[in-house]
Amino acid sequence: MDWNTRIIEEFRANQGKVGGPFAGRELLLLTTTGARSGLARTNPLAFIRDGDDIVVIASKAGAPTNPDWFHNIRANPEVTLEIGTETVRATAIRITEGPERDRLYAAMVEVMPGFAEYQEKTDRVIPVVKLTPH
């Protein structure tokens, strides 16, 4: 069983709580529609809130390429979010830029300091995405 599958199963079995390196941290499950396959794809992600919006970061732990889920939301912005015990539909409204992107990335680093290292590991500007629940 791969890393994400274990986290997803633990999340769903424990009302949105997981242990290990994510103990005490808020995670969500993001389900996207595959850009090429059209199949549902679920990924556990750290998140923060910005007003009514949910903010996720396409870090891929500092890899040189964006994660697959990022490509999926660009092709199909309608997603499902599982936060705690709640499941909601949302729209990936935009990829933030400039000062807004920097503010939100810094806010994530405050919650999960490892995100600072992710940006240092890559030459790409890691995308910060706002999701609006509906």
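(A) Structural detail: the pairing of strand β5 (residues 78-83). Within β5, 5 of the 6 residues are buried, which leaves the element mostly enclosed by the surrounding structure. Across 4 bridges, the pairing between strand β1 (residues 27-33) and β5 is antiparallel. By the bridge assignment for β5, Leu-30 is matched with Leu-81. As defined by bridge partners, β5 adjoins strand β6 (residues 86-95) across 6 bridges and the pair is classed as antiparallel. Across the sheet, residue Val-79 finds its bridge partner in β6, namely Ala-90. Linking β5 back to β6 in an antiparallel pair, the connection comprises 2 residues, with Gly-84 at a positive phi of about 60°.

Conventions adopted
- Residues numbered from 1 in each chain as written.
- Predicted model: local features only at pLDDT ≥ 70, side-chain atom pairs only at ≥ 80, totals over all residues.
- Heavy atoms only, no water.
- Buried < 20%, exposed > 50% of the residue type's maximum accessible area, 1.4 Å probe, protein only.
- Helix = DSSP H or I, 4+ residues; strand = E, 2+ residues; numbered from the N terminus.
- Pairing = 2+ DSSP bridges.

Any functional reading would require information beyond the geometric quantities listed.
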